[in-house]
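Spelled out, the chains give:
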Protein chains: 2
Amino acid sequence: MYQIDVMSRIPVYEQIVEQTEKFILAGVLCAGDKIPSVRSLSVELSVNPNTIQKAVAELDRRGLIFSVPGKGSFVSERARDALTAAKRGNLGVMRDKLREFKMAGIDKSEVLEVVEEVYGEENRADD
Amino acid sequence: MYQIDVMSRIPVYEQIVEQTEKFILAGVLCAGDKIPSVRSLSVELSVNPNTIQKAVAELDRRGLIFSVPGKGSFVSERARDALTAAKRGNLGVMRDKLREFKMAGIDKSEVLEVVEEVYGEENRADD
DNA sequence: TCAAGTGTACTAGTTTACATAGTACAGTTG
DNA sequence: CAACTGTACTATGTAAACTAGTACACTTGA
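All chains use their own residue numbering, which begins from 1 and follows the written sequence. Written order decides the labels, with chains lettered from A and ligands numbered from 1. In keeping with the predicted nature of the model, local features appear solely for residues at pLDDT of at least 70, side-chain atom pairs appear and are counted solely at 80 or more, and the whole-chain, interface and lining totals rest on all residues. Side-chain numbers here rest on the full set of heavy atoms in the structure, without hydrogens or water.

## Observations regarding the overall build of chain A
Counted only if it meets this: The helix count covers DSSP runs of H or I at least four residues long, the strand count covers runs of E at least two residues long, and both are numbered beginning at the N terminus. We compute the radius of gyration from the C-alpha atoms alone; for a globule the expected value is 2.2 Å times N to the 0.38, where N is the number of residues. Residue burial is assigned from relative accessible area. The probe radius is 1.4 Å, only protein chains are included, and a residue is buried under 20% of its type maximum, exposed over 50%, and partly exposed in between. Whether two residues are in contact is decided by their heavy atoms, any of which lying within 4.5 Å being enough. In this tally Asp and Glu are treated as negative and Lys and Arg as positive; neither His nor the chain ends contributes. To locate a charge, take NZ of a lysine, CZ of an arginine, CG of an aspartate or CD of a glutamate.
Helix and strand counts for chain A come out as six helices and three strands. Helices and strands in chain A line up, N terminus first, as α-β-α-α-β-β-α-α-α. For 127 residues, the compact-globule estimate of 2.2 N^0.38 gives 14 Å, and the C-alpha radius of gyration of chain A, at 19 Å, exceeds that figure by more than 25%. Here the C-alpha coordinates of chain A stretch approximately 55 × 40 × 25 Å along the principal axes. Here chain A holds 127 residues, and the buried ones make up 38% of them. Intrachain contacts of chain A at a sequence separation of at least 6 include 47% that bridge at least 24 residues. Of the side-chain charges in chain A, 18 are positive and 21 negative, and the distance between the mean point of each set is 8 Å.

Right under this line is the structure:
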């Protein structure tokens, strides 16, 4: 399930957080689902339990999961909504990046090409 | 000229690199222009000379400036082209971010809104 | 000529974030 | 009751970033 790159410049605990978010968005993990335990993930990924726990604590802090001592950690009901809100906040970051692209002389058409590539080109008049 | 935030999570030398790139793109620094000396920037920003030197070395490595021992460092002729190429490579990063937006249920229209905000809406038929 | 400014190259030390190692405690479950 | 769970704590190692200080060779202007 999880894929960790220990050579990456991105901290391991952060990789786990990011991948968990992707699993939630992709529907691999749904509200109420139990995520792997700290110790089992520790063994599976060959990573120290403390590192996993750090990721769990961060996911909890973001309201994506809730932990029950003795039982496990579970995907929150409002996880998807929280993620959507967070990503919408990231549109501001994209705005800054687009300004850099424009300054660098990258054409609007080049940007739109990427947008169309990701979002498809369903531009029929009867939509 | 330069504005450094020592409390930022972004390393100081990287902030200097980024700001120098922006100055080049904005036309504040043009090909052949001399950039501030290591020691003068060190005093102006209250930063260790070694930190400045690290930024200078990185800018040199990226082909944005060239250094002449005893004289100073100057903006390269191909600095703008190098920056445009680098930013164009960043379109791939934007593609990944757009995929995340799409997965999170952020509408195509919301994305296009930001694009139009930055690039303007010059969509006349006679262009 | 020479003092001042320039890029560059070292060594040494501190601080911080990240990760590991080991131990411990309390709650849950079959 | 044994095995699992989340959580907390101390200690240690490592790497990156930054600071401090020194040194050398080159260029420039007075």
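## Some thoughts on the protein's contact with DNA strand C
Using the following cut-off: Proximity criterion: a residue is near a molecule or strand once any of its heavy atoms comes within 4 Å of it. Counted as a polar contact is a pair of N or O atoms within 3.5 Å, where, for protein atoms, one must be capable of donating a hydrogen and the other of accepting one, and residues adjacent in sequence contribute only when both atoms are in side chains. Following the grouping adopted for this structure description, the nonpolar residues are Ala, Val, Leu, Ile, Met, Phe, Trp, Tyr, Cys and Pro, the charged ones are Asp, Glu, Lys and Arg, and the polar ones are all others, Gly among them.
The immediate surroundings of DNA strand C are formed by 25 residues, with Val12, Asn48, Asn50 and Thr51 of chain A together with Arg39 of chain B found nearest. In DNA strand C, atoms within 4 Å of the protein come from the sugar-phosphate backbone in 59% of cases. At a separation of 2.2 Å, a phosphate oxygen of DNA strand C approaches a polar backbone atom of valine 12 of chain A. Where the surface near DNA strand C is concerned, the elements lending two or more residues are α1 (12-26) and α3 (49-61) of chain A together with α2 (38-45), α3 (49-61), β2 (65-68) and β3 (72-75) of chain B. Of the residues in the surface near DNA strand C, the class split is nine nonpolar, 11 polar and five charged.

## With respect to the sheet that holds strand β2 (residues 65-68) of chain A
All names here are of chain A. Here is the rule we go by: By this definition, two strands are paired if DSSP reports at least two bridges between them.
Judged by pairing direction, the sheet is antiparallel, and its three strands sit side by side in the order β1-β3-β2 without closing on themselves. Pairing within the sheet leaves two strands with one partner each, and these edge strands are β1 (34-35) and β2. Direction of pairing for β1 relative to strand β3 (residues 72-75): antiparallel, over a ladder of two bridges. Residue pairing in the sheet places lysine 34 in a bridge with phenylalanine 74 of β3.

## So, the protein's contact with DNA strand D
Within the structure, DNA strand D sits among 24 residues, and Arg39 of chain A together with Val12, Asn48, Asn50 and Thr51 of chain B are positioned closest to it. Of all atoms in DNA strand D that approach within 4 Å of the protein, 60% are sugar or phosphate atoms. Valine 38 of chain A is positioned with one of its backbone polar atoms (N or O) 3.0 Å from a phosphate oxygen of DNA strand D. Contact distances for DNA strand D include 2.9 Å between a base nitrogen and a side-chain N or O atom of arginine 39 of chain A. Sorting elements by how many residues they give to the surface near DNA strand D places α3 of chain B first, with three residues. In the surface near DNA strand D, the residues fall into nine nonpolar, 10 polar and five charged.

## A short note on the relation of the copies chain B and chain A
Rules: To line up the copies, we fit them by least squares on C-alpha atoms, keeping just the residues with pLDDT of at least 70 in both.
Overlaying chain B with chain A gives an RMSD of 0.1 Å, the required rotation being 180 degrees about an axis along which the chain moves by 0.0 Å. Taken together, the rotation and translation relating the two chain copies correspond to the operation of a two-fold axis. Looking at the interface residues of chain B, 100% of them are also at the interface in chain A, so both copies use one shared face.

## A look at the sheet that holds strand β1 (residues 34-35) of chain B
Sheets are built from strands that pair by backbone hydrogen bonding, the pairs being arranged parallel or antiparallel. All names here are of chain B. As a reminder, the rule being used: Orientation is described by lines fitted to C-alpha atoms, with helices fitted over the stretch in contact, and by angles between N-to-C directions that extend from 0 to 180 degrees.
Across the sheet, which stays open at both edges, the three strands sit in the order β1-β3-β2 with antiparallel pairing between neighbours. Both outer strands of the open sheet, β1 and β2, are each paired with one neighbouring strand and no more. In this sheet, β3 lies alongside β2 in antiparallel orientation, the contact comprising four bridges. Of the residues in β3, the one forming a bridge with phenylalanine 66 is phenylalanine 74. Sitting on the sheet, α3 is in contact with β2 and β3, with an inclination near 120 degrees to β2.

## Considerations on the pattern of salt bridges
Defined as follows: Between Lys or Arg on one side and Asp or Glu on the other, a salt bridge is scored when a side-chain nitrogen of the former is within 4 Å of a carboxyl oxygen of the latter.
Scanning all chains against the criterion turns up 16 salt bridges over all chains. Between arginine 61 of chain A and glutamate 58 of chain A there is a salt bridge; the shortest N-O distance is 2.9 Å. Of this pair, arginine 61 of chain A and glutamate 58 of chain A both sit in helix α3, separated by three residues, roughly a single helical turn. A salt bridge links glutamate 110 of chain B to arginine 88 of chain A; its shortest N-O distance comes to 2.8 Å. With glutamate 110 of chain B in helix α6 (residues 108-119) and arginine 88 of chain A in helix α4 (residues 79-89), the pair connects residues from two separate chains.

## Focus: the interface of chain B and chain A
Counting residues at the interface gives 33 residues for chain B and 34 residues for chain A. Our count for the contact surface shared by chain B and chain A stands at eight salt bridges. The shortest N-O distance in the salt bridge between lysine 87 of chain A and glutamate 100 of chain B comes to 2.8 Å. Mapped onto the side of chain B that touches chain A, the elements with two or more residues apiece are α1 (12-26), α4 (79-89), α5 (91-103) and α6 of chain B.

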